Amino acid sequence: MVNVVITPTVANLLKERGITEANVKETVDYGESTKDKAVLPAEKLNWAVKRIGAATFAVQYKDSGEVTTAFSYKVALKAITDFVSEDKTDWIYAKTNEQMYRIRADMEYIGVVRAASAWGCKSSPTAFIEEFMAIKTIAIAQMLLEKKKGA
Amino acid sequence: MSAPPEVFFPSINTDWHGHAAKRFAGPFVGVPFDRVDVDPIILPHAAIINGYTLKEFYMRPKLGLASVCWTNELYDLLPVTHWFYSNVWLRELGCKLEFKETLPPVVTGDRPIKNPEDADKLHIPDVSEIEKGPTFSGFVEGYDFVKQYFPNWFVPIHFTFCLTAMAAELTGVDKFMLWTLKQPKICHKLMETVMETSTNGAIALAKRYGFAMMVIGGVLANSDLLQPAKVKEFGMDYHIKHVKKAFKGGAGPQLWYHLCGNHSRDYMIWKDEFFSPFTVMHIGYMGKESFPVSEAKKVYGNMATIMSSVDTKLMYRGTPKEVYDVSKQMILEGKDSPRGFVHGCACEVPAYTPPGNIYAMVKAAREWGKY
Amino acid sequence: MDRAEILKGLADATVAGDAETTAKLANEALRTGIDAYDAIMGGCAEGMKVVSNKYETGEMYVPEILLSAEAMYAAIDILKPHLKVERAAAQAKVVIGVVEGDIHDIGKNLVRIMLDASGFKMFDLGRDVPVKDMAAKAATEGAQVVAISTLMTTTMPNMKRVVDELKALGVKDKVKVLIGGAPTSEEFAKSIGADAWAKDATAAIKVAEKLAGR
């Protein structure tokens, strides 16, 4: 197993984002034990994603265990619906060594299902939502949904 | 709060707006409200029916936006402050815009790119340069006004228009078209330039207002002009880069893809666009006919909110009965689309459309679009 | 190369958008004594007919048409000075332009190319052409056809103004008005007193030929 290392900078980031060290460890452990994770060999980087309670947590970490970033979102993956194999990323799906590409996934939140783009591949049950999507686009979308559903 | 005295409209009825806002949200929150919403994409039509001119609509952003709000209440439409034109950010790249009585702002005079070598001289304005430029100041004048006087309506929109058409304007459309075959590298350079510039524009708006809905058009990139592979190469591939970069910079989360004109041979390729949870897919025509709602629903209904396309020719030259009948059929076909449906026109409603034809769209929605 | 090979070569090179070859074959045509008019009509124009058909069936698009047009004009530039005077004089004349107030000229340019390739003598006034200029040019040149296009509903009324101006100049009975562009229709053409409407560039050839009595 990987020993998770959290630098002071990342600790601050986790605090800002309301993510606990336990969330990070559980997510990394899941990725390592199942290999349901993405890897970027050139940078010795890993990306694990796990649904814990009412949120999905994503952690990117070095092979050494040093966490480089972590983020979360409340929307839950419902189904991966489409594959855009032409738009590839350097990230590789660890379990099958398959280069990942853009997918479209149905995401569910407070009873609303909407589609969003992410990375993935046919052999992966996980949608790897990029950090910018999670902390900006999806975060705003969640906020608007909460507001509008309550409106 | 009422609009300031230089814009002569009474205040908007807040009860109406509250109701309209819930209807607007319906398709996106998976809870359809009372009926199908209607958005004929009102632009200068709003100024004209209120006694102003097309040119004033574009030259006076506050007037333009106030007239859109007022007109949307008048017709009982989707409450969104459309105010945009196609040649955005081109002044920042050396083009001259002319405001005419008959057209949205158009590029006139010499183009900055006269020969392929000129492409190397183009400078991409960064966000701070964009913020000081004429395009941004026009949007800010309008949106600051909406934020102050129509706060409930406030949705800053970055109108990307068609990146292909923008790139083509840098050198002239015919030359650009020819260069897609003879000088593809130069065309890509121009595409990259307008994509980066437009992205910085979207980021600048998002920086100022916290978010920016993105309206992205496939206008020159259509089936009448370019083969589907070129539509992808010189259109959609740049949309994807643009949206990702703009989102990284804080724009979004709303995305409205407006595929203007005929997309009979390329409408399937747009499935590979980048999607956010709030995406609207709107396709204008299948050949000369309005794009069939049933096909839009079949291909895009599970990915996005879809929008119908009443032929703009019918809006301008048809009768209320004809518009009503077409609307009824479209609404019945589209109202149960899985991710929501909005009844609209194939493109901006023509400026001189008879008001009765817009009312016919709304009447059809009231009578056949009930949830 | 014999006559048939040269004409076929001109047609094929026009379709392929190969300006170097069309120019070479135009010179070859003149050297071997082929009439310049025959070389244009039997070579380049035949090629453009293929292009037009391919556009209609979605095998070619605007960039490919422009490339073919470039190849066609490379040959025509060489052949034109050798056109016999009576041939040139017999050409039907078409004044073409985008109507006053509008600047969208992709469609107009395609029609100009297609009509040029079909042997019409074209007077292209460009875009945003003042109504009076359009009518005056038709009158002074003795044009058989005025072809007007627009993409905007806001400028459709100016098409009627061209018809009215031709009437005011007393030449409407000699000049046929052909209109086109996305917001127009056959019904609209009739309503403004235009003589014909063409749905696209390919249709414009047949309609213009009919209007010019060819």
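Residues numbered from 1 in each chain as written. Chains lettered and ligands numbered in written order. Predicted model: local features only at pLDDT ≥ 70, side-chain atom pairs only at ≥ 80, totals over all residues.

*Asks:* Which residues make up the environment of Leu151(C), and what are the values?
*Replies:* Residues and elements named next belong to chain C. Along the polypeptide, leucine 151 turns up in the loop between strand E3 (145–149) and helix H8 (156–168). A sequence separation of 45 residues divides leucine 151 from isoleucine 106, and the C-alpha atoms of the two residues are 9.7 Å apart. Beyond its immediate stretch of four places on either side in the chain, leucine 151 contacts Asp102, His104, Gly181 and Ala182. (Helix = DSSP H or I, 4+ residues; strand = E, 2+ residues; numbered from the N terminus. Contact = placed C-beta atoms within 7 Å.)

*Asks:* Could you give an account of the environment of Val29(B), naming the residues involved and the relevant values?
*Replies:* All names here are of chain B. The residue valine 29 is located in helix H1 (residues 14–29) in this model. Valine 29 gets classed as buried once you count the C-beta atoms within 10 Å, which come to 24. As for valine 29 and glycine 340, which are separated by 311 residues in sequence, their C-alpha atoms are 8.8 Å apart. (Buried ≥ 20, exposed ≤ 12 C-beta atoms within 10 Å, placed from the backbone.)

*Asks:* Got a sec to walk through helix H10 (residues 201–211) of chain C? Specific residues and values, please.
*Replies:* Residues and elements named next belong to chain C. The complete set of buried residues in H10 reads Ala201, Ala204, Val207, Ala208 and Leu211. Angularly, the buried residues of H10 cover 105° about the axis, an arc narrow enough to put them on a single face. Where the residues of H10 are buried, they touch strand E1 (93–98), helix H6 (106–117), E3, strand E4 (176–180) and strand E5 (196–197). At the C-terminal side of H10, glycine 213 shows a positive phi close to 70°. (Arc of directions from axis to C-beta.)

*Asks:* An account of the domain arrangement of chain C is needed here, citing residue identities and associated values.
*Replies:* Residue and element names in this part refer to chain C. Split into domains, chain C comes out as domain 1 (3–87) and domain 2 (91–211). Each side of the interface is counted separately: domain 1 has eleven residues, and domain 2 has nine residues. Of all the secondary structure elements, the ones that give two or more residues to the side of domain 1 that touches domain 2 are helix H3 (36–56) and helix H4 (62–79). The biggest single contributor to the side of domain 1 that touches domain 2 is H3, with seven residues. Here the residues of the side of domain 1 that touches domain 2 sort into nine nonpolar, one polar and one charged. (Domains from an automatic or database assignment. Nonpolar A, V, L, I, M, F, W, Y, C, P; charged D, E, K, R; others polar.)

*Asks:* Describe the interface of chain C and chain B, with residues and values.
*Replies:* Facing the 18 residues of chain C at the interface are 22 residues of chain B. If you list the elements that add at least two residues to the side of chain C that touches chain B, you get H4 and H6 of chain C. Sort the elements by how many residues they give to the side of chain C that touches chain B and H4(C) lands first, with four residues.

*Asks:* Residues and numbers for the sheet that holds E5(C), please.
*Replies:* Note on sheets: strands pair through backbone hydrogen bonds, and any given pair is parallel or antiparallel. All names here are of chain C. Ordered by their spatial adjacency, five strands build an open sheet running E2-E1-E3-E4-E5, and the pairing between neighbours is parallel. Lying at the two open borders of the sheet, with one neighbouring strand each, are strand E2 (121–124) and E5. Strands E1, E2, E3 and E4 of the sheet are contacted by H6, whose axis makes an angle of about 165° with E1. Docked against the sheet, H8 engages E3 and E4, running at close to 175° with respect to E4. (Pairing = 2+ DSSP bridges. Axes fitted to C-alpha atoms, helices over the stretch in contact; angles between N-to-C directions.)

*Asks:* Could you give an account of the environment of Phe24(B), with specific residues and numbers?
*Replies:* Residue and element names in this part refer to chain B. Position of phenylalanine 24 among the secondary structure elements: in helix H1. Using a count of 20 C-beta atoms within 10 Å as the deciding quantity, one classes phenylalanine 24 as buried. When the C-alpha atoms of phenylalanine 24 and valine 342 are compared, they prove to be 8.8 Å apart, with 318 residues separating the residues in sequence. In contact with phenylalanine 24, not counting residues within four places along its chain, are Asp37, Leu78 and Pro79.

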